[in-house]
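# Structural description and commentary
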Amino acid sequence: MYATVMHGPGDVRYERVEDPSILKPTDAIIKLSATCICGSDLWPYRGLQAQNGPAHMGHEYCGTVVEVGAAVRTIRPGQFVVGSFCLSDNTCPHCQFGFQSSCQQREFMSGAQAPYARVPLADGTLVATAEMPDADMIPHMLAVSDVLGTGWYAADAAGVREGGTVVVVGDGAVGLMGVLAASQMGAARIIAMSRHPDRQKLARDFGATEIVEERGEDGIARIMDMTNGIGAESVLECVGMEQSMQQAMGICRPGGTIGYVGVPHGVNLDGQKLFFNQQRMLGGPAPVRRFLPDLMDRVLQGRIQPGRVFDLVLPIEQVAEGYKAMDERRAIKTMLRVDA
């Protein structure tokens, strides 16, 4: 088959590779209904994350099971499934504690920007629907696999509560999903920090009550002014850069919580500042598997439409253009059609 391979910064190709196959008895092979490009894929694309040789890309996926290994018990061929980018057995002590993204057998999904993909630890990673979803549900189910699950974790980690005040730092796909999550959790005030009109509109559609365009110290000052010098009780850090983390810490009130899900690049924390700010912090790779059943149900019931975050849809053969569009901020998130 053909699949997406990154050969180096800016060099993404859709080229022939070996078909995926069962390598371990706990594996499954799925035929993807659609796939997409993640903001984290842009780190190696921009040369900001090292890679050792060509890499098979893609970790967001949904589709139909076509084959399972001999040890797979709960997933069977013909089922429609959604899985997490963190592969887990869902039975180890960390999984049972709700942190499947720290599973003792953890692996990270790869190779999903393709028509077919191998999913290790299939029983613990994949969640099946009772029936085959309609075609118009596919973008929303795909979003659950990572971007919604990650935004949801940011809100959960930040302790978003009904009637609370939330600030979302970052207007990429994850930040927008954080806005949606905070709205679903009942926050009364959701301030999205964004400079881009198209993202601001989507943020408002997802539940943002206010928009702040300022960044850095100006952004901190604006939020503090809007909160009468108190700050926000829940802050979602959805970028992973030094400025965004400092901004999150600058607007979180004492006793408040920062949920950070942006993969850190160049972030350094000051111990004295951590000590005296008295802020809770929880984040890291999202345990999406914890949230999958609930989020899939919300989508299937029509309560949320996270697939609206895909503002560019391309055939998978044009994946290189999808990367370029996201890198140049011409697209928030690119969905890739898999028609094979």
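Residues numbered from 1 in each chain as written. Predicted model: local features only at pLDDT ≥ 70, side-chain atom pairs only at ≥ 80, totals over all residues. Heavy atoms only, no water.

### Observations regarding the overall build of the protein
So the rule is basically this: Segments assigned H or I by DSSP are reported as helices when at least four residues long, segments assigned E as strands when at least two residues long, and all are numbered from the N terminus. The globule rule used for comparison is 2.2 Å times the number of residues to the exponent 0.38, while the radius of gyration itself is calculated over C-alpha atoms. Residue contacts are defined here by distance: any two heavy atoms, one from each residue, within 4.5 Å place the two residues in contact.
From N to C terminus, the protein includes 11 helices and 18 strands. Over its C-alpha trace the protein gives a radius of gyration of 20 Å, about what one expects of a compact globule, namely 20 Å for 340 residues. If one aligns the C-alpha atoms of the protein with their principal axes, the spans along those axes are about 60 × 40 × 40 Å. Of the contacts made within the protein by residues no fewer than 6 positions apart, 69% connect residues no fewer than 24 positions apart.

### Observations regarding the layout of surface pockets
Definition in use: Only protein atoms enter the 1 Å grid used here, on which a cavity is any set of points holding a 1.4 Å probe that cannot leave and a pocket is any open set flanked by protein within 12 Å on both sides along at least five of seven lines; residues with an atom within 4 Å of a point are listed as lining. Grid points are joined across faces, edges and corners, and a volume is the space filled by probe spheres set on the points. The classification used treats Ala, Val, Leu, Ile, Met, Phe, Trp, Tyr, Cys and Pro as nonpolar, Asp, Glu, Lys and Arg as charged, and all other residues, Gly among them, as polar.
Roughly 320 Å³ of internal volume is contained in the second largest pocket. Along its surface, the second largest pocket is lined by 20 residues, and Pro-20, His-56, Ser-110, Gly-111 and Arg-118 are the ones closest to its centre. If you list the elements that add at least two residues to the lining of the second largest pocket, you get β8 (107–108) and β9 (116–119). The element contributing the most residues to the lining of the second largest pocket is β9, with three residues. Grouping the constituent residues of the lining of the second largest pocket by class yields 12 nonpolar, four polar and four charged.

### With respect to the sheet that holds strand β1 (residues 2–8)
Filter applied, for reference: Paired strands, as defined in this entry, are two strands with at least two bridges between them according to DSSP.
Read across the open sheet, the three strands follow the order β2-β1-β4; overall the sheet is antiparallel. Only two strands of the sheet have a single neighbouring strand rather than two, namely β2 (11–16) and β4 (55–56). As paired elements, β1 and β2 share six bridges and run antiparallel to each other. Pairing of Thr-4 across the sheet is with Tyr-14, part of β2.

### What to know about the UniProt feature "domain: Enoyl reductase (ER)" (unreviewed entry) in the protein
To keep it simple, the criterion reads: UniProt positions are given in the numbering used here, feature names are shortened, and annotations may be inferred rather than shown by experiment.
The feature "domain: Enoyl reductase (ER)" (unreviewed entry), as given by UniProt, occupies residues 8–336 in the numbering adopted here. Secondary structure across residues 8–336 comprises 32% helix and 24% strand; the distance between its end C-alpha atoms is 21 Å.

### Examining unusual backbone geometry
Put simply, the test is: Exposure classes here rest on a 1.4 Å probe applied to the protein chains alone. A residue is buried below 20% of its type maximum, exposed above 50%, and partly exposed in between.
Even without glycine at this site, Asn-90 takes up a positive phi of about 65°. Inspection of the secondary structure puts Asn-90 in the loop between β7 (86–87) and α2 (93–96). The phi angle at Arg-329 is positive, at roughly 60°, despite the residue not being glycine. Along the chain, the position of Arg-329 falls in the loop between α11 (319–327) and β18 (334–337). Arg-329 gets classed as partly exposed once you look at its relative accessible area, which sits at 41%.

### Some points on the pairing of strand β14 (residues 232–237)
Working note: regular strand, side chains alternate between the two faces of the sheet. Our working definition: Seen with its strands pointing away from the viewer, a crossover is right-handed if its path from the first strand over the helix to the second goes clockwise.
Within β14, six of the six residues are buried, which leaves the element mostly enclosed by the surrounding structure. By the bridge criterion, four bridges tie strand β11 (residues 165–169) to β14 in an arrangement that is parallel. Counted as the bridge partner of Val-166 is Ser-234 from β14. Sheet analysis places β14 next to strand β15 (residues 252–260), joined by five bridges and oriented parallel. Pairing of Glu-237 across the sheet is with Tyr-260, part of β15. Note on the crossover from β14 through helix α8 (residues 242–251) to β15: the handedness is right-handed.

### Considering the environment of Gly-164
With respect to the helices and strands, Gly-164 occurs in the loop between α4 (138–157) and β11. Aside from chain neighbours lying at most four places away, what touches Gly-164 is Ala-187, Ala-188, Arg-189 and Glu-233.

### Here's the deal with the pattern of salt bridges
What counts is decided by this rule: Put simply, a salt bridge is a Lys or Arg side-chain nitrogen that is within 4 Å of an Asp or Glu carboxyl oxygen.
Taken as a whole and judged by the stated rule, the model has 15 salt bridges. Across the pair Asp-156 and Arg-290 runs a salt bridge, and its minimum N-O distance is 3.2 Å. Of the two residues, Asp-156 is situated in helix α4 and Arg-290 in helix α10 (residues 288–300); the sequence distance between them amounts to 134 residues. With a relative accessible area of 29%, Arg-290 lands in the partly exposed category. Asp-205 is the partner of Lys-201 in a salt bridge, and the nearest nitrogen-oxygen pair spans 3.2 Å. Taken together, the residues Lys-201 and Asp-205, both in helix α6 (residues 197–206) and four residues apart, mark about one turn of the helix. According to the relative accessible area criterion, Asp-205 is partly exposed, its value standing at 37%. One network of salt bridges, with partners in common, ties together Asp-171, Arg-199 and Arg-329.

### As for the domain arrangement of the protein
Applicable threshold: Annotation comment: domain bounds sourced from an automatic or database domain assignment. Two parts placed together each lose some accessible area; with a 1.4 Å probe, that loss summed over both constitutes the buried area. Counting of polar contacts relies on pairs of N or O atoms within 3.5 Å, with two restrictions inside protein: one atom must be capable of donating a hydrogen and the other of accepting it, and residues adjacent in sequence are counted only when both atoms are side-chain atoms.
Per the domain assignment, the segments of the protein are domain 1 (2–132 + 310–337) and domain 2 (151–283). A straight line from the C-alpha centre of domain 1 to that of domain 2 covers 28 Å. Taken residue by residue, the interface counts eight residues in domain 1 and 13 residues in domain 2. When the two sides are added together, the surface that domain 1 and domain 2 hide from each other amounts to roughly 820 Å², 63% of it contributed by carbon and sulfur. Inspection of the region where domain 1 meets domain 2 yields one salt bridge. The residue Asp-171 makes a salt bridge to Arg-329 at a minimum N-O spacing of 3.4 Å. On the surface where domain 1 and domain 2 come into contact, there are two residue pairs in polar contact (both at pLDDT 80 or more).

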